[in-house]
Amino acid sequence: MTKGNAFVLGASGQVGRAAVRALVADGWEVTAASRRGVRDERWPDEVRSVRLDRTEEGALAAGLGEGCDVLVDIVAYDGGHGRQLTGLADRIGSAVVVSSGAVYEDAQGRSFDTQDRPDGFPAFPVPTPEEWRTVAPGDTTYSTRKIALERELLAAGDALPTTLLRAGAIHGPYSPGPRELWFVKRALDGRPVRVLAYGGTSRFHPVHVDNLAELVRLAAANPGSRVLNGGDPEAPTVAEIGAAIDAVMGVRSETVLMEGAPEGTVGSTPWTAPHPVVYDMTAAERELGYRPVVSYAETLPETVEWLTAHLGDREWREAFTGLAKYGVDLFDYAAEDAWLKARG
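In this section: the overall build of the chain. Of regular secondary structure, the chain possesses 12 helices and 11 strands. A compact globule built from 344 residues would reach a C-alpha radius of gyration of about 20 Å, and the chain, at 20 Å, matches this within 12%. A burial count over the chain gives 53% of its 344 residues as buried. When contacts within the chain are restricted to residue pairs at least 6 apart in sequence, long-range pairs at least 24 apart make up 75% of them.

Looking now at the nonpolar core. In this structure, Val8, Val20, Leu23, Val30, Val72 and Leu215 are the most contacted members of the largest nonpolar core, which totals 37 residues. At the level of secondary structure, the elements contributing two or more residues to this core comprise strand S1 (4-9), helix H1 (14-25), strand S2 (28-34), strand S4 (68-73), strand S5 (92-100), strand S6 (162-167), helix H6 (209-221) and helix H8 (282-288). Per-element tally for this core: the top contributor is H6, with 8 residues. When near neighbours in sequence (up to four residues on either side) are disregarded, Leu23 contacts Ala6, Val8, Trp28, Val30, Val72, Val216, Arg217 and Ala220. Ala169, Val304, Phe320 and Phe331 belong to the second largest nonpolar core, which has 32 residues in total.

Pairing within the open sheet is parallel, and its 7 strands lie in the order S3-S2-S1-S4-S5-S6-S10. Here the strands that pair on one side only, and so sit at the sheet edges, are strand S3 (48-51) and strand S10 (226-230). Averaged over all pairs of adjacent strands, the angle between their axes in this sheet comes to 20°, without regard to strand direction. As paired strands, S2 and S3 are joined by 4 bridges and run parallel to one another. Note on S3: the bridge partner recorded for Ala33 is Val50. Packing of helix H4 (residues 142-155) onto the sheet brings it into contact with S5, S6 and S10, and relative to S5 it is tilted by some 160°.

Let's shift gears to helix H5 (residues 181-188). By the criterion of burial, H5 is predominantly enclosed, with 7 of the 8 residues buried. Contacts from the buried residues of H5 go to strand S8 (193-196), helix H7 (238-249), helix H9 (296-311), helix H10 (316-319), helix H11 (321-324) and helix H12 (333-343). Looking one or two residues beyond H5, the residue adopting positive phi is Gly190, at roughly 70°.

Here the focus is the environment of Val328. Position of Val328 relative to the elements: it lies in the loop between H11 and H12. Expressed as a C-alpha distance, the spacing of Val328 and Pro223, which sit 105 residues apart in the sequence, is 41 Å. Sequence-distant contacts of Val328, defined by excluding residues within four places in its chain, comprise Thr265 and Trp316.

This structure, assessed with the given rule, holds 11 aromatic pairs. The interplanar angle of 65° and the centroid separation of 6.4 Å between the aromatic rings of Tyr104 and Phe124 together place this pair among those described as edge-to-face. Of the two residues, Tyr104 sits in the loop between S5 and H4 while Phe124 sits in the loop between S5 and H4, which places them 20 residues apart along the sequence. Of the two residues, Tyr104 and Phe124, both sit in the buried class. Among the aromatic residues, those joined into a ring-pair cluster are Tyr104, Phe112, Phe121, Phe124, Phe204 and Tyr279. Between the NZ or CZ atom of Arg179 and the centre of the ring of Phe204, over which it lies, the distance is 5.1 Å.

Definitions and limits used
- Residues numbered from 1 in each chain as written.
- Predicted model: local features only at pLDDT ≥ 70, side-chain atom pairs only at ≥ 80, totals over all residues.
- Heavy atoms only, no water.
- Helix = DSSP H or I, 4+ residues; strand = E, 2+ residues; numbered from the N terminus.
- Rg over C-alpha atoms; globule rule 2.2 N^0.38 Å.
- Buried < 20%, exposed > 50% of the residue type's maximum accessible area, 1.4 Å probe, protein only.
- Contact = heavy atoms within 4.5 Å.
- Core = buried A, V, L, I, M, F, W, Y, C linked by side-chain atoms within 4.5 Å.
- Pairing = 2+ DSSP bridges.
- Axes fitted to C-alpha atoms, helices over the stretch in contact; angles between N-to-C directions.
- Phe/Tyr/Trp six-rings, centres within 6.5 Å; stacked < 30°, edge-to-face > 60°.
- Lys NZ or Arg CZ within 6 Å of the ring centre and 35° of its normal.

As far as function goes, none of this settles anything; it's purely spatial.
Put into structure tokens, the structure is as follows:
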């Protein structure tokens, strides 16, 4: 006997692939919807895969047909997507929607939206609970759009019980913007040294796709209107991440620590921040009985293998468009060498 039918929107992405596997293993009949209709080779044959572009008028309603017991939305990004789901509430038993930890702001009103201003990086409580203040909803930034999405769905209440998962720094295979590439490519390039700002102590809470999928699985089986953080059991420092990746790749790199902020691109990594970003996971443990299924370190071999294969002989910007869109040269070795030479 199945638990019901689950409809996963955005199933071909890194989180969607893992969520489909977790739901099937838990006894759900799963429809995997994505714009390309791509199947994951690890999905069992009984997973129904469909092509669906939510931006096309009536496409989501047609895809849902008579409805589903739970809708898992990996690719909802703004208030309009929230209204799209609430408009179909009569066909959806409950929803699980991926939001982002980027919605928080600190006591001075600083958020990830202000991080490029002088002294603009937020200083959140460690760990940050779900009750902490957030940015105002709007349509100008990723953060403001995500909180607008949350507000639309929570306002629906019992009409559409929705669990919103505020994910940390998502990692694992199939990522279009993998932070781990910063270390992996340096090892592949035979780069013997890396420079880390803030003494290598920066922490940006990661969440592996399998841990996020476990939260999806639990929330699907326990409907409710709630907001929960999504993070791994640990939040390693950037120096610890570098050492762990070196161990997986069998290399030994020299780490040079900068005491303060990066100088241009030198010392900057995708995790670099002057203040730690760590999310409180006690609410997920209390409300869903959540326990992480993997640790950061034990997932690295698979991630490194996928990154290496996906990069291949291509230029990194071509292989990983999610990183290239920021317009920053992550591998400016000439600038690093000049800084190291001036340092003596």
